[in-house]
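Residue-level structure breakdown
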Amino acid sequence: MDNAPLLDSRTTPTSPRLLRAMLAGHPATDGVEVIIWPDDAERRAALVEGTPTLLLVPPDVDAPVCGFVEEWVRLPAPMDDAYARLEMLRIRVSCT
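What comes next concerns the included structure.

Mapped onto the fold, Ala28 is located in the loop between helix H1 (16–23) and strand E1 (33–36). For the pair formed by Ala28 and Tyr83, sequence separation is 55 residues and the distance between their alpha carbons is 7.0 Å. Look past the residues within four positions of Ala28 in its chain and what remains in contact with it is Tyr83, Leu86 and Arg90.

This is the structure we're talking about:
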């Protein structure tokens, strides 16, 4: 029986909710808030300043202006894109 994962880093989720679910529990998201923009705008506003945040942006929505420890990814996007944004957040946080 093949033990290959069902999804790999090239998987391209089209739904923000699906991408957030796929990222949940992944080590790359430790300490990072994953926000669906603009649906979770109030949640984003309530975060403590300096909280690393990845915003998932649907294709038909303008991306927000981000702070130093925020990144956004427009969907559909390969998982590799989300992982790259998470890595950038880790680098920025380590510089603060």
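Still more ground to cover, so stick around.
Taken in spatial order, the three strands line up as E1-E2-E3 in an open sheet, and their pairing is parallel. This sheet does not close on itself; its edge strands, each paired only once, are E1 and strand E3 (70–74). Neighbour-to-neighbour, the strand axes of the sheet open up by a mean angle of 25°, direction not taken into account. Of the strands in this sheet, strand E2 (53–57) and E3 touch helix H3 (residues 79–94), which is tilted by about 170° from E3.

Applying the stated criterion across every chain, the model contains zero aromatic pairs. Here the guanidinium or amino end of Arg44 rests over the ring plane of Trp37, the centre of that ring lying 5.1 Å away.

This part covers H3. With 16 residues, H3 extends 23 Å between its outermost C-alpha atoms, agreeing within 8% with the 22 Å of an ideal straight helix rising 1.5 Å per residue. When H3 is considered as a whole, its buried residues turn out to be Met79, Ala82, Leu86 and Leu89. In a view along the axis of H3, the buried residues occupy a sector of 80°, so they form one face of it. In this fold, the buried residues of H3 make contact with H1, E2 and E3.

Within the structure shown, the criterion is met by eight salt bridges. A salt bridge links Asp40 to Arg43; the shortest N-O distance between them is 3.7 Å. Taken together, the salt bridges that share partners define one network made up of Arg20, Glu33, Asp40 and Arg43.

Rules used throughout
Along each chain, residue indices are assigned from 1 in the same order as the chain's sequence is written. Side-chain atom pairs in this predicted model are given and counted only at pLDDT of 80 or more, local residue features only at pLDDT of at least 70, and totals for whole chains, interfaces and linings cover all residues. Side-chain metrics in this entry use all non-hydrogen atoms of the structure; hydrogen atoms and water are not considered. Under the DSSP-based scheme used, a helix requires at least four consecutive residues in state H or I and a strand at least two consecutive residues in state E, with every element numbered from the N terminus. Any pair of residues with heavy atoms lying within 4.5 Å of one another is described as a contacting pair. Any two strands with at least two DSSP-identified bridges between them are counted as paired. All axes are obtained by fitting lines to C-alpha atoms, using only the stretch in contact for helices, and the reported angles, taken between N-to-C directions, cover 0 to 180 degrees. Pairing of aromatic rings covers Phe, Tyr and the six-membered ring of Trp, with a centre-to-centre limit of 6.5 Å; geometry is then stacked below 30 degrees between planes, edge-to-face above 60, and tilted otherwise. Counting as a charge over the ring demands two things of the Lys NZ or Arg CZ atom: a distance within 6 Å of the ring centre and an angle within 35 degrees of the ring normal. Take the residue count of a helix, subtract one, and multiply by 1.5 Å to get its expected span. Residue exposure (1.4 Å probe, protein chains only): buried if accessible area is under 20% of the type maximum, exposed if over 50%, otherwise partly exposed. The reported arc concerns the directions from the helix axis to the C-beta atoms and nothing else. Criterion for a salt bridge: a side-chain nitrogen of Lys or Arg within 4 Å of a carboxyl oxygen of Asp or Glu.

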